[in-house]
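Breakdown of the fold
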Amino acid sequence: MDFKVLFSPIRIGNMEVPNRFVVPPMGTNLGNPDGTISQEMIDYWEARAKGGWGLIIVEVTAVDPLGKAIPFQPCLFDDSFIPSFKKLADTVHRYGTKIAVQLHHAGRQTSSQIMGEQPVAPSPVPCLVSKEMPRELSTGEVYEMIEKFGDAALRARKAGLDAIEVHGAHGYLIGQFMSPHSNKRVDEFGGSFHNRMRFPVEVVRNIRRKVGGAFPVIFRISGDERVTGGINIEESRAAARVLEDAGVDALHVSVGVYGSMQYIIPPADIPPGFLLPYSEEIKKAVSVPVIGVGRINHPALAKDAILSGKADLLSWGRQSLADPETPNKVAAGLIEDISPCIACNQGCVGYIFDPDKMKATCLVNPFCGREGKMKIEPAVKKKKLVIIGGGPGGLEAAWVAAARGHSVLLFEKESVPGGQFRVGAIAPAKQEITKSISFYTHMGRKYGVDFRFGVEAKAEQIIAEKPDVVIIATGAEASIPDIPGIDNPKVVTSTEILLGLKDPGTRVLVIGGGMVGSETADLLGEHGHEVTIAEMSPEIGRDVQESVRYFLFRRLKKYKTTIYTNTTVKEITNDSVRAEKDGEEIELRGFDTIVIAVGATSVNTLERELDGKVPELYVIGDASETRKAIDAIEEGASIAIRL
Ligand code: SF4
């Protein structure tokens, strides 16, 4: 397929962007605690500039100390931040990429825990997610805030950036002023459409006054906030015209606020390109370029969006994390070499909001956010590797090691690759996982991995290969609880159900409501079975990422799934179970099938058999300790770059 249209330059104000590939301003939390740009962040952005993106928009950057949404957010509320932004801009410019910075104030969508003070907002109306009551900005403070946006824009220009983007979307401060959902003011900044638009318009005018007429100003807008009383596409179109008149040079069209986060960072339940109808509508209203976004993850989709007039440029958000080289690979026609974002939300948004992780990475690309530390470089000494297990950890280790020049032989007992990752892909809305497995296998073949599928390797066979290194990546299998009646013929594992190996009948009980149990129930519900879930803890799906959970729970409700929480199954008797719920004994009856989904147990018999018999031995992923695919892939890559 010819993707020339994606590589044609386009002007935004006085800036010529060399192609149509945009990295939007996603928070990574990779900045320094003092708000300057860290070396880690420079490495992250350098990888994307090197990867061929035409325009990168540096993530949410605070214009005011009381506007931070995440702890390690870059800041531009003082001249002292200019030098680190200059270093970043100089780095990015070496690759011909244009760089903008997004000017941001969180308003009510933050917390006193992050800032040490009560958040501020147009009105004392709490965010639907943070739920903290904000302090209403006085009219005088609103005028001061307008100046702060202008001052930060001037600093961006002084730092050598090519453009700025004003964050008027996603329910942050500017969006809060624009939206009747959050703006209940009765001064000149509230009430009518005209008054609600006064703050963004004055911000744009103030920026324009301070940076000069030629410096490009992009405005990000939510085409639809998807909350009660929020802005819809009709009002967004009207707002876009007003903003164009105020002097913006491009519009960047997203949707949502924190209360509808599942649409800002959508999981695989939502199809690729789902927001393009919004950018198409905005494009009809303005003459400046429009940037589209929303699960843009393959070049054919991007090409069609441009040719059918839905957008002029495309933001490939999470895809830029999954593979920073995406544009270069498209240009070279290496489409299969592109590591696909699977919309899992685990490594990116999931890690940022996880207090134990806090920094963005990517499930399918463990090098993301660690570009300075983790590199695929030619091996000093070429070794022979044998990898046992073709799940995500084994596959990642195999292709990365082979790309470094090692000779790699991989045994997988199943006839196809993927392990538990492949089983997980069968549940509804998990289909993207298959793209990732195909990518790993393709890259392995490209670099010469000898895949032996359908072979359960024994210790003698492995030793006979005379390997320098053995990596055990044999994964895990379903845990079987030790309860009376577990050998009942009606009892099956979730794996057997997902793989279609057992007929579940009509009424099904799923024991265990974690991710695997809930997703198995989802599949069964979709196929018309009557499903009951019995879960020990107070809620189901605790290990499921929030946006993914939103759609999963919606479907479980639609299928009228019966859910028993705080329920521990004590005994299985024929078609029934005896359980304890909240300290009371109960009986659940009349099931055709009882599905076990209570976690997994490591599979690793080879370590003992190979210990001391091969020069180097490693155990990775679930074979070492049962966790998530993101951990297995990260371990696979980490081992492979060290060998
Ligand atoms: Fe995409 Fe998942 Fe990577 Fe996030 S962690 S960028 S959703 S593959």
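Up top is the structure these notes are about.
The structure contained in this document is the topic of the report that follows.

Pairing in this closed barrel of 8 strands is parallel, and the strands run β3-β4-β5-β8-β9-β10-β11-β12 around the ring. Strand-to-strand twist across the sheet, computed as the mean angle between neighbouring axes with direction ignored, equals 30°. Direction of pairing for strand β3 (residues 21–23) relative to strand β4 (residues 55–62): parallel, over a ladder of 2 bridges. Each bridged residue has a counterpart across the sheet, and for V22 the counterpart in β4 is L55. Running at roughly 175° to strand β11 (residues 290–292), helix α10 (residues 276–285) makes contact with β10 (250–254), β11 and β12 (313–315) of the sheet.

Moving on to the side chain of S494. One can find S494 in helix α19 (residues 494–498). By relative accessible area, S494 is classed as buried at 5%. With sequence-adjacent residues up to four places away left out, S494 is seen in contact with V516, T520, V595, I596 and A597.

Within strand β5 (residues 98–104), 6 of the 7 residues are buried, which leaves it mostly tucked inside the rest of the structure. One ladder, built from 6 bridges, connects β4 with β5; its direction is parallel. Bridging across to β5, V58 finds its partner in V101. Handedness of the β-α-β unit built from β4, helix α2 (residues 82–93) and β5 comes out right-handed. Looking at chain direction, β5 and strand β8 (residues 163–168) are connected through 4 bridges and run parallel. Residue pairing across strands places A100 opposite A163, the latter belonging to β8.

Close approach of charged atoms allows side chains of opposite charge to pair. With the rule as written, the count across this model stands at 38 salt bridges. The partner of D2 in a salt bridge is K4, and the shortest N-O contact between them spans 3.8 Å. We classify D2 as partly exposed; its relative accessible area is 40%. Among the residues examined, K4 registers a relative accessible area of 64% and is labelled exposed. Linking K359 and E40 is a salt bridge whose minimum nitrogen-to-oxygen distance equals 3.1 Å.

In this structure the tally under the stated criterion is 19 aromatic pairs. Seen in terms of ring centroids, F189 and F199 are 6.5 Å apart; in terms of plane orientation they differ by 80°. Their pairing is edge-to-face. With F189 in the loop between α5 (173–178) and α6 (193–196) and F199 in helix α7 (residues 198–211), this pair connects stretches of sequence that are 10 residues apart. Overall, F199 belongs to the buried group, its relative accessible area being 1%. Taking the centre distance of 5.3 Å and the plane angle of 10° together, the rings of F451 and F453 count as stacked. With a relative accessible area of 14%, F451 lands in the buried category. Ring-pair connections join several aromatic residues into one group, and the members of that group are Y143, F149, F177, F189 and F199. Over the face of the ring belonging to Y44 we find R48, whose NZ or CZ atom lies 4.0 Å from the ring centre. Sitting over the ring of Y263, R226 keeps its end group 4.4 Å from the ring centre.

Conventions adopted
Residues numbered from 1 in each chain as written. Predicted model: local features only at pLDDT ≥ 70, side-chain atom pairs only at ≥ 80, totals over all residues. Heavy atoms only, no water. Pairing = 2+ DSSP bridges. Helix = DSSP H or I, 4+ residues; strand = E, 2+ residues; numbered from the N terminus. Axes fitted to C-alpha atoms, helices over the stretch in contact; angles between N-to-C directions. Contact = heavy atoms within 4.5 Å. Buried < 20%, exposed > 50% of the residue type's maximum accessible area, 1.4 Å probe, protein only. Right-handed = clockwise from strand over helix to strand, strands pointing away. Salt bridge = Lys/Arg side-chain N within 4 Å of Asp/Glu carboxyl O. Phe/Tyr/Trp six-rings, centres within 6.5 Å; stacked < 30°, edge-to-face > 60°. Lys NZ or Arg CZ within 6 Å of the ring centre and 35° of its normal.

Shape is all these values report; function is a separate question.
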